[in-house]
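# Survey of secondary and tertiary structure
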Amino acid sequence: MQNAFLTFWKLFGQSTWCYNCMAAVALRSCRRGLSQIISNVGVSSVLSTRFEGGPRHVQCTSGVRHKSTVQFATRPDLPKLAYRRVKGKSPGVVFLPGYGSNMNGQKAEALEEFCRSLGHAYLRFDYTGHGASEGVFTEGTIGTWKKDVLYVLDELVEGPQIMVGSSIGGWLMLLAAIARPEKTAALVGISTAADHLVTAFNTLPLETRKEFEEKGVWTVPTRHSEDGEYRFNMEFLREAENHRVLQSPIPVTCPIRLLHGLKDEDVPWHVSMQVAERVLSDDVDVILRRHAQHRMAEKDDIKLIVYTIDDLIDKLTTMV
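Parameters and conventions
- Residues numbered from 1 in each chain as written.
- Predicted model: local features only at pLDDT ≥ 70, side-chain atom pairs only at ≥ 80, totals over all residues.
- Heavy atoms only, no water.
- Helix = DSSP H or I, 4+ residues; strand = E, 2+ residues; numbered from the N terminus.
- Buried < 20%, exposed > 50% of the residue type's maximum accessible area, 1.4 Å probe, protein only.
- Areas by Shrake-Rupley, 256 points an atom, 1.4 Å probe, with all protein chains shown as cover.
- Phe/Tyr/Trp six-rings, centres within 6.5 Å; stacked < 30°, edge-to-face > 60°.
- Lys NZ or Arg CZ within 6 Å of the ring centre and 35° of its normal.
- Salt bridge = Lys/Arg side-chain N within 4 Å of Asp/Glu carboxyl O.
- Contact = heavy atoms within 4.5 Å.
- Polar contact = N/O pair within 3.5 Å; in protein donor to acceptor, adjacent residues only side chain to side chain.
- Core = buried A, V, L, I, M, F, W, Y, C linked by side-chain atoms within 4.5 Å.
- pLDDT = per-residue confidence, 0-100.
- Axes fitted to C-alpha atoms, helices over the stretch in contact; angles between N-to-C directions.
- Parallel < 35°, antiparallel > 145°, perpendicular 65-115°, else oblique.
- Left-handed = near helix turned anticlockwise from the far one by under 90°.
- Nonpolar A, V, L, I, M, F, W, Y, C, P; charged D, E, K, R; others polar.
- Pairing = 2+ DSSP bridges.
- Right-handed = clockwise from strand over helix to strand, strands pointing away.

### With respect to the overall build of the protein chain
The helix and strand inventory of the protein chain stands at nine helices and 14 strands. Put simply, the protein chain has 320 residues, and 54% of those count as buried. Surface summary for the protein chain: the accessible area is close to 14,300 Å², and the carbon and sulfur share equals 50%.

See the structure below:
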């Protein structure tokens, strides 16, 4: 990877650091005039704008939202997957939620509105055992959810996609990109949790690991669960070992953008740096938001995510 350099700027009233910036993503999008895009829960209005390299007209939504309907994909011998899809131009965007989350979060809904306003295809879905999809949550594994993502890429979308993965979704997008390079146009990781569960468990003191192994369950405190904790059985962790990606070069060569908050208490920001160091792509940016937390669901966080995807769409549609 090219020598990294560190650039600092003020963005959206918060400090943002960009590592190895090959393009000042957010600033360039601001210069293009994408303003007043995000409301408290998504895209409230998108102004018609003339972009660099030629006109690209964005339809004004006038504050009216057109939510996609829930559909169900029937798979032989596998649980049905719930998804919402907006048809449109390529490249399409696919959103991969985090562990225990679903397709109805703020980021997922904001991206649907944004893609609809641009006329680009968009798909969001629930993993097996999550949200409206069939299956038992506690029986799911990284391998189970990887199969879900591959099914979406193979059966529910057309052409290469920009995959946007949040937390564990960032890990799954890397696995999917390795398995389906021809269906991967670009990757956007949000608080990417590549290998994180396995790494976190393996770095516990030996005595602590033995205690959890004897119990058969690893209990992790969290603010993102109703009962205040996540419970991972040992079988889940052993299966996850088979899907680690940070132990060797990651054979992904498409454009990659990795966004992470320095206040992330769930997945350390240096995980995104490790991903950037190991991918084979020459087009990798890491953007660190000084005050952002793990979910990156604040208004300014979502602005940055939208600007980043818009920049990638522009890059991919103007490449010769």
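Past the structure itself, the notes keep going.
### Some words on the packing of aromatic side chains
Scanning the entire structure with this criterion turns up 12 aromatic pairs. When the centroid spacing of 5.1 Å and the interplanar angle of 50° are considered together, the rings of Y99 and F137 count as tilted. On the criterion of sequence distance, the pair formed by Y99 in the loop between β7 (89–96) and α2 (106–118) and F137 in the loop between β8 (120–125) and α3 (142–156) is long-range, its members being 38 residues apart. Residue class for F137 comes out partly exposed when judged on its relative accessible area of 29%. These aromatic residues form a ring-pair network of at least three members: Y99, F125, Y127, F137, W145, F201, W218, Y230, F232 and F236. The ring of Y151 carries the charged tip of R75 above its face, separated from the ring centre by 5.6 Å.

### Thoughts on the pattern of salt bridges
A full pass over the atoms with the stated rule returns 14 salt bridges. E112 is the salt-bridge partner of R116, the closest N and O atoms lying 3.2 Å from each other. In this pair, R116 and E112 both sit in helix α2, four residues apart, roughly one turn of the helix. Given a relative accessible area of 3%, E112 falls into the buried group. We note a salt bridge from R257 to D285, for which the minimum N-O separation is 3.4 Å. Here R257, found in strand β13 (residues 256–261), pairs with D285, found in strand β14 (residues 284–289); they are 28 residues apart in sequence, far enough to count as distant.

### A few points about helix α7 (residues 234–241)
Of all the positions in α7, only M234, F236, L237, E239 and A240 are classed as buried. On its buried side, α7 packs onto α3, α4 (168–179), α5 (196–202), α6 (206–215), β11 (217–221) and β12 (229–233). Regarding α7, its N-cap is N233, as a side-chain oxygen of that residue lies 3.2 Å from the backbone nitrogen of E235 further along.

### Some details on the nonpolar core
Counting 57 residues, the largest nonpolar core has L96, F125, I142, V149, M163, L172 and L187 as the members making the most contacts within it. Core analysis: the second largest hydrophobic core is formed by 27 residues, C115, L118, I190 and I309 among them.

### Notes on the confidence of the model for the protein chain
For the protein chain, the average pLDDT comes to 84, and 79% of its residues sit at 70 or higher. Scored below 50 in pLDDT, residues 1–15 makes 49 contacts in the model with residues more than four places away or belonging to other chains.

### Digging into the packing of α2 against helix α9 (residues 299–318)
Axis separation between α2 and α9 bottoms out at 10 Å; the angle between their running directions is 40°. In terms of orientation, α2 lies oblique with respect to α9. Seen along the crossing, α2 lies across α9 with a hand that is right-handed. Packed against α2, whose contacting residues are Q106, K107, A110, L111, F114 and L118, the element α9 presents I302, I305, V306, I309, D310 and I313 at the interface. Taken together, the residues of the contact of α2 with α9 sort by class into nine nonpolar, one polar and two charged.

### A few points about the packing of α3 against α7
Between α3 and α7, the least distance of the axes is 8 Å, while the angle of their chain directions is 55°. Relative to α7, the element α3 lies oblique. Every residue of α7 that contacts α3 at I142, G143 and W145 is listed here: F236, E239 and A240. Here the contact of α3 with α7 is built from residues that sort into four nonpolar, one polar and one charged.

### A look at unusual backbone geometry
The omega torsion of the bond from S90 to P91 falls at 0°, within 30 degrees of zero and hence cis. For P91, the location among the structural elements is in strand β7. A positive phi is found at S191, a non-glycine position, where the angle reads about 55°. Among the secondary structure elements, S191 is positioned in the loop between β10 (184–190) and α5. Located in the positive-phi region is M296, a residue other than glycine, with phi close to 45°.

### Observations concerning the pairing of β7
With respect to burial, β7 is a largely interior element, six of its eight residues being buried. Two strands pair when backbone bridges link them, and β7 and β8 are joined in this way by four bridges, in the parallel orientation. Residue pairing for β8: K89 is matched across the bridge by H120. After leaving β7, the chain enters α2 and then returns to the sheet as β8, a path that is right-handed. For β7 and strand β9 (residues 161–166), the ladder comprises five bridges, and the chain directions are parallel. Counted as the bridge partner of F95 is V164 from β9.

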